[in-house]
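# Architecture and fold: a report
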Amino acid sequence: MTGDEVIPDEDGEWPSTEPDVFDTLFESAPEKIETVKQSLTNFSNRHLGPLDLGIRDLTSDYHDGTRFIILMSVLEGYFVPFCYYHPAPSDANQKMENVQHALKLMKEAGLKKTKARAKEVVDKDAKAIMRVLYNVFHQYKNV
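Our subject in this report is the structure included herewith. All of these numbers come straight from a predicted model, not from anything done at the bench.

### Remarks on the side chain of Ser73
- As for its placement among the helices and strands, Ser73 is situated in helix H4 (residues 66–76).
- The buried category is assigned to Ser73, whose relative accessible area is 10%.
- If near-sequence neighbours (up to four positions away) are discounted, Ser73 is found in contact with Tyr78 and Val80.

### A short note on H4
- Of all 11 residues in H4, 9 are buried, a share of seventy percent or more.
- Those residues of H4 not exposed but buried are Thr66, Arg67, Phe68, Ile69, Ile70, Leu71, Met72, Ser73 and Leu75.
- Tucked into the core, H4 has its buried residues touching helix H2 (33–48), helix H3 (58–62), helix H5 (92–108), helix H6 (118–122) and helix H7 (126–140).
- A positive phi of about 80° marks Gly77, the residue just after H4.

Calculation criteria
Residues numbered from 1 in each chain as written. Predicted model: local features only at pLDDT ≥ 70, side-chain atom pairs only at ≥ 80, totals over all residues. Heavy atoms only, no water. Helix = DSSP H or I, 4+ residues; strand = E, 2+ residues; numbered from the N terminus. Buried < 20%, exposed > 50% of the residue type's maximum accessible area, 1.4 Å probe, protein only. Contact = heavy atoms within 4.5 Å.

The analysis is restricted to geometry; functional conclusions fall outside its scope.
Structure (C-alpha cells):
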C-alpha cells in the first residue's frame, strides 16, 4: 500500500473524495491558514485553558487524541475516566486508540463526519487536525 490509496475508514465507510473547505484553504488561500489556526487555538484555549491544558500548537497538542477527548468531555459536560483512554500515550497504537475514541465521542454527540482519518491526526497532518477541530468548533462555537 502506498499511502495514497483510498481505503475504508475505522467505521468501514469510504471517505469522501470531494474537496472540502480545507482543501480549498490549503490550495487557494494558504496565507489564511494561520488565521484559521489561531481562531481554532483560541476556541480550544477558552475551554481547555481553565484545566491548565492550553494549546500552543494544534498539530503537536492534538495529535495523540487526549485533548480531543478532554475537549469533548468539557463541551458535553461529562468526565471520561482514564481507564477509557490513554492519558499519556506512549506509542502510535495508543494515540490511534485515543483519536478513534475521540471521533466516536464526536459521533455520539451528533457531530457530522469529516474527511479526516485517525491515522492522519496521529501523523500530525495539520489539515486533518484542523478539519476535526473545526467540526467541533462549528457545533460548539457559542458555548
